[in-house]
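Structure assessment
The primary structure of each chain is shown beneath.
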Amino acid sequence: MAGPGEWKSTACILCSTNCGLQVQVEDGHFKKIKGDKTNPRSKGYVCEKQAGLDHYQNHADRLTTPLRRREDGSFEAIDWDTAIREVAGKLAQIRDTHGGSKIFYYGGGGQGNHLGGAYSGATRRALDMRYSSNALAQEKTGEFWVERQMFGGRPEPDFEHAEVAVFVGKNPWQSHGFERARPILRAIAKDPNRHMIVIDPRRTESADLADVFLQVVPGTDAFVLAAMLRVLLDEGMTDQAFLAAHASDGQALFDAIATVPIADYCERAGLPEELVRKAARLIGGAESVAILEDLGIEMAPHSTLNSYLEKLLYALTGNIGRPGTMNLGTHLGKLIGAGKDNRTSPVGGHKIITGLIPCNAIPDEILTDHPDRFRAMFIESGNPVHSLADSPRMREALDALECVVVIDVAMTETARHADYILPAASQYEKVETTFFGGGFPDNTFLLRQPLFPALKGTLTEPEIHSRLCRALGAFEDADLESLREAAEESLERFGPVFLQAMTREPKLAAIMPVVLYETLGRSLGEDLAGAALIWGACQSLVAEQPDSVRRAGFEGEGPALGNTLFRAILDNANGVVITSDPYEMTMDRIKTDDGRIELVIAELIQELVDLIDEQPPRATDDYPFILAAGERRTSTANTIFRDPSWRRKDAQGAMRLSPGDAERLGVETGGRVRISTKRGSVEAFVEVNDTLRDGHITIPNGYGLEYPDSDGKRTIHGIPPNELTSTEDRDWLALTPWHKHVRARVEAIV
Ligand SMILES: Nc1nc2c(c(=O)[nH]1)N[C@H]1C(S)=C(S)[C@@H](COP(=O)(O)OP(=O)(O)OC[C@H]3O[C@@H](n4cnc5c(=O)[nH]c(N)nc54)[C@H](O)[C@@H]3O)O[C@H]1N2
Ligand SMILES: Nc1nc2c(c(=O)[nH]1)N[C@H]1C(S)=C(S)[C@@H](COP(=O)(O)OP(=O)(O)OC[C@H]3O[C@@H](n4cnc5c(=O)[nH]c(N)nc54)[C@H](O)[C@@H]3O)O[C@H]1N2
Ligand code: SF4
Ligand SMILES: [Mo]
């Protein structure tokens, strides 16, 4: 815990970059926050949003006691023992009557906290829960599916050294997604020998810095990317030597690309052919290219195909495994499940990708009389009512369940529909971390240590899961005695005893995270108990990548090396480089069946060929606008901040539209409009903005949260975007929603 006037290392939790911070705290508040120059990854960089972090730590809607729903829908406070007993009892009853597979797990972490999800593994096993999902299954699963097939892993871009940087449906100036985004973008923009390509319908802050800006018609990226691939092929700019050495036979793909009509597809995408050719030639001619896609193509038509074509841009040009290109790093702790999960969802039969049921399928897996429907939901660190498509239907689905349990720090849109709400200690009141990882050539890990004591009435997720497992009869103290004794003695003693327990006692192996917490964790002291699982993750990492860990400067073999790494993580609250790799390592980490990059994905090649019959755009007479529902702005940070006063501007989250559209509708900045989609209708303030194309409108993400004012009156601030979206406009393969492509009508309110 930090004392007044003392600088403590921690990290920002507002986006996946997790910049290192130095903070001073006092009386439960952040007093000073600055970038941590000693953080090996962010090196002192921060954006403006971290300044608001006290609004996460302290706000009027923090939960301070377990709550139980009454018959009339209101909540009553209950004590923890009652809460744990009743939650365990209700869920065990559902398991015993219908099977644990009917209890669905959702969430497990956000931008800054992945330990809850990791410890939940024990509760899930204790209840025999089989199915889960989280927000990744509404953005990244299509991309994951492609990456697994092509590379058996997830290549990360090295923009710091790239000659050419490409952003497809990604606005890193606002959304980051890699460390020190703004200085890196500026450096590329300034250097005449380096180039930036941005593909986006809006002239974003990132596009303003680009050498080539392809301002596409929304939803036409597949056409542009296909045209670029054909240019690369026609002009002999693919890397034949690289492909011969490292890739599968790509003939079926090359045949399909050869059918792409370049001029026609550029026209369909609303782009000058010469500009598209220029972009392709920059990529084809560069020494190194790094590419990042994001929501602009993942939450839009042809989502999974887009991800495939985007990856082909760098794979066919051999931009893998060198400085400034795409590389495969290490991971301490698992963020996503195994690659070869051939299961499908129990009701709809939808593909489960990296262990996750598509978010868009969730309501249909509940609102049915199918015998395999979900009957209960366990939601942790996720706000699906607000963040998944079609909020009204998600509310309906939650209300149809026999039991909904929510673990959160705040009273959320989702918690309101729970039967039990369990209040968690905040991310700065417990040991926490993320498993995003993947840094290359150096991968850094940062374990945040608690800055504040846990708010009265709250518990950490490891403690909640441990109590639930105990209440479910998954373990007793007597089971843990020898492990506890060994842990008190030393890590060296603990390792073999733990390994023996895991191999000989299946009951304990099933709830491994909680066993670690209750044994090793207790020996680390209350503040660090939640770090126990990281010891396990260290042991897995050194078993898989011992040389990488040693190259980062750690000595030893086997478990001893793992212990050294673990101690270093505990001792370096500003982050520590855990692995270091030569660039060639990337090629070794390609984990397809034959170790070669797979160029051919038959399903997607068919979709590529079928593009020929599609005439964008998709706007209709009834809905003449394409709405991007959920734009990242300086005033958004998912729903991590609930108190609207953190925003210095754009209090209501204006709808942006082009000057031409504003004139046609007769509205001006500050005016009011009604936005209607087939799913819903909302009122919004307008911001006339010349970065938009005609026919394209945007609203921000993360708005529309209910929050009490000083009189206790509860108001919704801004537009909850998913009152306007539907689950059925989605990718055919991964079911990812088309949130960036919602057909809409706009009327001025006079
Ligand atoms: N400030 C801030 N940063 C954040 C977050 C936040 O809430 N606020 N959230 C974090 C999270 S969870 C994520 S996933 C990332 C997301 O980060 P991004 O994906 O970068 O964020 P968005 O603004 O949603 O979408 C990116 C771009 O897609 C463009 N776009 C819309 N339609 C299309 C299209 O049809 N084609 C193309 N090519 N582009 C299109 C938009 O104009 C926008 O510029 O941001 C992270 N960082
Ligand atoms: N229309 C539209 N919808 C979108 C998007 C969009 O662009 N458009 N973006 C989507 C994307 S990419 C994402 S990632 C999702 C994000 O949506 P969600 O996954 O729902 O995530 P967050 O808003 O980041 O926060 C989730 C919850 O974690 C809680 N929380 C914070 N700290 C803790 C903690 O320590 N413990 C516990 N137990 N809970 C905690 C917060 O109070 C919040 O309720 O939204 C998605 N929704
Ligand atoms: S870039 Fe992301 S992690 Fe870094 S300070 Fe900004 S919001 Fe926080
Ligand atoms: Mo996200």
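As the structure is a computational prediction, the values presented were derived from the model and not from experiment.

1. Regarding the overall build of the protein
Looking only at helices and strands, one finds 27 helices and 26 strands in the protein. At 25 Å, the protein has a C-alpha radius of gyration in line with the 27 Å of a compact globule built from 750 residues. Overall, the protein is about 75 × 65 × 60 Å in size when its C-alpha atoms are taken along their principal axes. Long-range pairs, those at least 24 residues apart, make up 74% of the contacts in the protein between residues at least 6 apart in sequence. Roughly 27400 Å² of accessible area belongs to the protein as shown, and the carbon and sulfur atoms make up 48% of that amount. Charge-centre separation for the protein: the mean point of 82 positive side chains lies 2 Å from the mean point of 109 negative side chains.

2. A look at the site of ligand 2
Taken together, 30 residues form the shell around ligand 2, and within it Ser387, Asp408, Glu461, Ala629 and Thr639 come nearest. At a separation of 2.8 Å, a nitrogen atom of ligand 2 approaches a polar side-chain atom of Asn722. For ligand 2, whose unbound accessible area comes to 920 Å², protein coverage reaches 95%. Of all the secondary-structure elements, those providing two or more residues to the shell around ligand 2 are β15 (403-408) and β19 (625-631). Residue composition of the shell around ligand 2, grouped by class: eleven nonpolar, 13 polar and six charged. Both domains that meet at the shell around ligand 2, namely domain 2 (67-137 + 334-580) and domain 4 (619-748), each give it at least three residues.

3. Points about helix α17 (residues 461-471)
Across the eleven residues that make up α17, a large majority, eight, are buried. Three or more residues of α17 are buried, namely Glu461, Pro462, Glu463, Ile464, His465, Ser466, Leu468 and Cys469. In this structure, the buried side of α17 is in contact with α2 (80-98), α3 (115-126), β14 (376-380), β15, β16 (420-423) and α21 (512-524).

4. Focus: the layout of surface pockets
Reported here for the second largest pocket is a volume of approximately 390 Å³. Glu429, Ala454, Thr460, Glu526 and Asp527 are the residues nearest the centre of the second largest pocket, which is lined by 24 residues in total. At the level of secondary structure, the elements contributing two or more residues to the lining of the second largest pocket comprise α17 and α21. Counted by class, the lining of the second largest pocket contains eleven nonpolar, five polar and eight charged residues.

5. Describing the site of ligand 3
What surrounds ligand 3 is the set Cys12, Leu14, Cys15, Asn18, Cys19, Val46, Cys47, Lys49, Gln50 and His176. Given that more than half its atoms are within 2 Å of the pocket grid, ligand 3 belongs to the largest cavity. Partitioning the shell around ligand 3 into residue classes produces six nonpolar, three polar and one charged.

6. Points about the domain arrangement of the protein
Considered domain by domain, the protein is made up of domain 1 (8-57), domain 2 (67-137 + 334-580), domain 3 (160-320 + 599-610) and domain 4 (619-748). Its C-alpha centre places domain 1 at a distance of 25 Å from the equivalent point of domain 2. Across the contact, 23 residues belong to domain 1 and 19 residues belong to domain 2. The junction of domain 1 with domain 2 conceals about 1700 Å² of combined surface from both sides, 60% of it contributed by carbon and sulfur atoms. Area buried by domain 1 at its contact with domain 2 is led by Ile13, Tyr56 and Gln57, which between them contribute 29% of it. Applying the counting criterion to the domain 1 and domain 2 interface returns zero salt bridges. At the boundary of domain 1 with domain 2, the tally comes to nine residue pairs in polar contact (both at pLDDT 80 or more). Among the elements of the structure, β1 (8-11), β2 (20-26), β3 (29-35) and α1 (54-57) are those that each provide at least two residues to the side of domain 1 that touches domain 2. With four residues, the single largest contributor to the side of domain 1 that touches domain 2 is β1.

7. Some remarks on the nonpolar core
In summary, soluble globular proteins display a tendency toward joint burial of nonpolar side chains. Ranked by size, the top nonpolar core spans 118 residues in total, and within it Met228, Tyr308, Leu309 and Leu599 carry the most contacts. Of the residues forming this core, the biggest block, ten residues, is contributed by helix α7 (residues 221-234). Beyond its immediate sequence surroundings of up to four residues, Met228 is in contact with Ile199, Leu214, Val276, Ala279, Ala280, Ile283 and Leu313.

8. Considering the sheet that holds β1
Across a sheet, strands are paired by hydrogen bonds formed along the backbone, either parallel or antiparallel in direction. Pairing within the open sheet is antiparallel, and its three strands lie in the order β1-β2-β3. Here the strands that pair on one side only, and so sit at the sheet edges, are β1 and β3. When strand polarity is set aside, the average angle formed by the axes of neighbouring strands in this sheet is 40 degrees. Examined bridge by bridge, β1 and β2 share four bridges and lie antiparallel to one another. Within β2, the position partnered with Lys8 by the bridge is Val23.

What counts as what
Residues numbered from 1 in each chain as written. Chains lettered and ligands numbered in written order. Predicted model: local features only at pLDDT ≥ 70, side-chain atom pairs only at ≥ 80, totals over all residues. Heavy atoms only, no water. Helix = DSSP H or I, 4+ residues; strand = E, 2+ residues; numbered from the N terminus. Rg over C-alpha atoms; globule rule 2.2 N^0.38 Å. Contact = heavy atoms within 4.5 Å. Areas by Shrake-Rupley, 256 points an atom, 1.4 Å probe, with all protein chains shown as cover. Lys, Arg positive; Asp, Glu negative; His and termini not counted. Charge placed at Lys NZ, Arg CZ, Asp CG, Glu CD. Near = heavy atom within 4 Å. Polar contact = N/O pair within 3.5 Å; in protein donor to acceptor, adjacent residues only side chain to side chain. Nonpolar A, V, L, I, M, F, W, Y, C, P; charged D, E, K, R; others polar. Domains from an automatic or database assignment. Buried < 20%, exposed > 50% of the residue type's maximum accessible area, 1.4 Å probe, protein only. 1 Å grid on protein atoms, 1.4 Å probe; cavity = no way out; pocket = protein on both sides within 12 Å on 5 of 7 lines; lining within 4 Å. Points joined across faces, edges and corners; volume = space filled by probe spheres on them. Sits in = over half its atoms within 2 Å of the grid points. Buried area = accessible area lost by both parts, 1.4 Å probe. Salt bridge = Lys/Arg side-chain N within 4 Å of Asp/Glu carboxyl O. Core = buried A, V, L, I, M, F, W, Y, C linked by side-chain atoms within 4.5 Å. Pairing = 2+ DSSP bridges. Axes fitted to C-alpha atoms, helices over the stretch in contact; angles between N-to-C directions.

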